[in-house]
Amino acid sequence: MKPPAFKYHAPASLAEALDALDAVGHDGKVLAGGQSLIPILNMRLAAPAHLVDINRLSELAYVRTEPGGVTVGALARHADVERDADAYAAVPLLRQGLRLVAHPVIRNRGTTVGSLAHADPSGEMTAVLALLGGSVDLVRKGASRTVGAEDFFAGPLESCIEPGEMAVSAYFPRLAGRTGTEFVEAARRHGDYAMCGVAAAVTLDDDLRVTRARAAYLSVSPVPLVLDLTEAVHGATPATARWADAAALAVLSIEPEPDIHATAEYRAHLARVLTERALRAAAQRATSTDVERTSR
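A brief report on the enclosed structure follows.

Criteria and cut-off values
Residues numbered from 1 in each chain as written. Predicted model: local features only at pLDDT ≥ 70, side-chain atom pairs only at ≥ 80, totals over all residues. Heavy atoms only, no water. Helix = DSSP H or I, 4+ residues; strand = E, 2+ residues; numbered from the N terminus. Rg over C-alpha atoms; globule rule 2.2 N^0.38 Å. Buried < 20%, exposed > 50% of the residue type's maximum accessible area, 1.4 Å probe, protein only. Areas by Shrake-Rupley, 256 points an atom, 1.4 Å probe, with all protein chains shown as cover. Lys, Arg positive; Asp, Glu negative; His and termini not counted. Charge placed at Lys NZ, Arg CZ, Asp CG, Glu CD. Pairing = 2+ DSSP bridges. Axes fitted to C-alpha atoms, helices over the stretch in contact; angles between N-to-C directions. Contact = heavy atoms within 4.5 Å. Phe/Tyr/Trp six-rings, centres within 6.5 Å; stacked < 30°, edge-to-face > 60°. Lys NZ or Arg CZ within 6 Å of the ring centre and 35° of its normal. Salt bridge = Lys/Arg side-chain N within 4 Å of Asp/Glu carboxyl O. Parallel < 35°, antiparallel > 145°, perpendicular 65-115°, else oblique. Left-handed = near helix turned anticlockwise from the far one by under 90°. Nonpolar A, V, L, I, M, F, W, Y, C, P; charged D, E, K, R; others polar.

**Observations regarding the overall build of the protein**
Then, number 1: Within the protein, the secondary structure is distributed over 12 helices and 14 strands.
Then, number 2: For a compact globule of 296 residues, the expected C-alpha radius of gyration is about 19 Å, and the protein comes in at 19 Å, within 12% of that figure.
Then, number 3: For the protein, the spread of C-alpha atoms along the principal axes amounts to about 60 × 45 × 30 Å.
Then, number 4: Relative to its full complement of 296 residues, the protein shows a buried share of 53%.
Then, number 5: Of the roughly 13600 Å² of accessible surface on the protein, a fraction of 51% belongs to carbon and sulfur atoms.
Then, number 6: Side chains of the protein give 30 positive and 35 negative charges; the mean places of these two sets differ by 5 Å.

**Details of the sheet that holds strand β1 (residues 7–9)**
For sheets, the rule is that strands pair by backbone hydrogen bonds, running either parallel or antiparallel.
Then, number 1: Read across the sheet, three strands follow the order β1-β3-β2 without closing on themselves; strand pairing throughout is parallel. Each of the sheet's edge strands pairs with one partner strand only, and the pair in question is β1 and β2 (28–31). For this sheet, the mean inter-axis angle between neighbouring strands, taken without regard to orientation, is 25°.
Then, number 2: Here four bridges tie β2 to strand β3 (residues 50–53), and the two strands are oriented parallel to one another. Across the sheet, the residue bridging to Gly 28 is His 50, located in β3.

**Concerning the sheet that holds strand β5 (residues 69–73)**
Then, number 1: The five strands lie next to each other as β4-β5-β10-β6-β7, forming an open sheet whose pairing is antiparallel. Each of the sheet's edge strands pairs with one partner strand only, and the pair in question is β4 (63–66) and β7 (143–148). The mean angle between the axes of side-by-side strands here comes to 20°, regardless of whether they run parallel or antiparallel.
Then, number 2: Pairing between strand β6 (residues 135–140) and β7: six bridges, direction antiparallel. Looking across to β7, one finds that Val 136 is bridged to Val 147.
Then, number 3: Where helix α1 (residues 14–24) meets the sheet, its contacts fall on β6 and β10 (166–173), and the angle it forms with β10 comes to roughly 115°.

**Let's talk about the packing of aromatic side chains**
Then, number 1: Counting across every chain of the model gives one aromatic pair.
Then, number 2: The ring of Tyr 62 carries Arg 64 above its face, with NZ or CZ at 3.7 Å from the centroid.
Then, number 3: The aromatic ring of Tyr 88 is capped on one face by Arg 95, whose charged end is 4.1 Å from the ring centroid.

**Observations regarding helix α8 (residues 124–132)**
Then, number 1: Among the nine residues in α8, nine count as buried, and that is most of the element.
Then, number 2: Within the sequence span of α8, burial applies to Glu 124, Met 125, Thr 126, Ala 127, Val 128, Leu 129, Ala 130, Leu 131 and Leu 132.

**Digging into the pattern of salt bridges**
Then, number 1: Scanning the entire structure with this criterion turns up 11 salt bridges.
Then, number 2: One salt bridge in this structure joins Glu 162 and Arg 145, with 3.9 Å as the shortest N-O distance. Within this pair, whereas Glu 162 is found in the loop between β9 (158–159) and β10, its partner Arg 145 is found in strand β7, the two being separated by 17 residues in sequence.
Then, number 3: Note on Glu 162: relative accessible area 40%, which makes it partly exposed.
Then, number 4: For Arg 145, a relative accessible area of 30% gives the class partly exposed.
Then, number 5: Where Asp 245 meets Arg 242, a salt bridge forms, and the shortest distance between an N and an O atom there is 2.6 Å.
Then, number 6: On the accessibility criterion, Asp 245 (32% relative accessible area) is partly exposed.
Then, number 7: Accessibility expressed as a relative area gives 56% for Arg 242, which makes it exposed.
Then, number 8: Through salt bridges with shared partners, a single ionic network connects Arg 140, Arg 145, Glu 162 and Glu 165.

**Regarding the packing of helix α10 (residues 243–251) against helix α11 (residues 264–286)**
Then, number 1: As a packed pair, α10 and α11 sit with axes 8 Å apart at the nearest point and diverge in direction by 135°. Considering their axes alone, α10 and α11 lie oblique with respect to each other. Of the two elements, α10 crosses α11, and the hand of that crossing is right-handed. Residue-level inspection shows Trp 243, Ala 244, Ala 246, Ala 247, Ala 248, Ala 250 and Val 251 of α10 in contact with α11, the latter providing Ala 268, Arg 272, Thr 275, Glu 276, Leu 279, Arg 280 and Ala 283.
Then, number 2: The class makeup of the residues in the contact of α10 with α11 is 10 nonpolar, one polar and three charged.

Written as structure tokens, this is what we have:
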């Protein structure tokens, strides 16, 4: 299969890229890693008249770890973020989610910010950003804005990025206190999009009792879904918490749709099983001294 005809732009600077996007408006698409965009073009599911290739903008290929969290530039490849030791120490959920993204060859080329801009509700990075309460920086010619995860995703394959805008970075905050995280999913084959995935975060107090438990879901709703499940396990220790009750509470709040890969009932079953598994593992991580050291 071949993509429809388009005009190719190869800006040498961010200013040139923004000029091009401003000029083409609705008819333009940004090309970074291309691991999602190119297949969509080849299947004729999108037909932009212009592609703005930003791969020459090396100033956007960064992963920066600061006390508050991790900022990922628009040209940082999944593999760069996954392998960054400082980013992992600050926000372990990044690596936990990225290791499940497709296959290594795709992670070597695909970009984390591009995955967010693609806004696929089956994408791991959408759930990571949502659970962490992160944000995306958008720029256009003469203006910029920062959009929180709760407002960034508008629907399946639809973000709030407007014509002429470009996502230049994403911010993933460090979770406060003694917090552990985990990401689990179930797919028909290794590397496939997950039929259901769960990112979980559990916070413990100094007595190692649960003060907060949350989970984010992929492949069960049009946009990333974040649920607060604390009421089912508040005050319990990781060993005594009724994680199955928290999972049952989660299932009451999701309405998965059936497709060729799984029925709605099977997705709900997966959500229950994976929620319990993810919360239990996240709580166990929260008990470690490493979590206490890296979260302060």
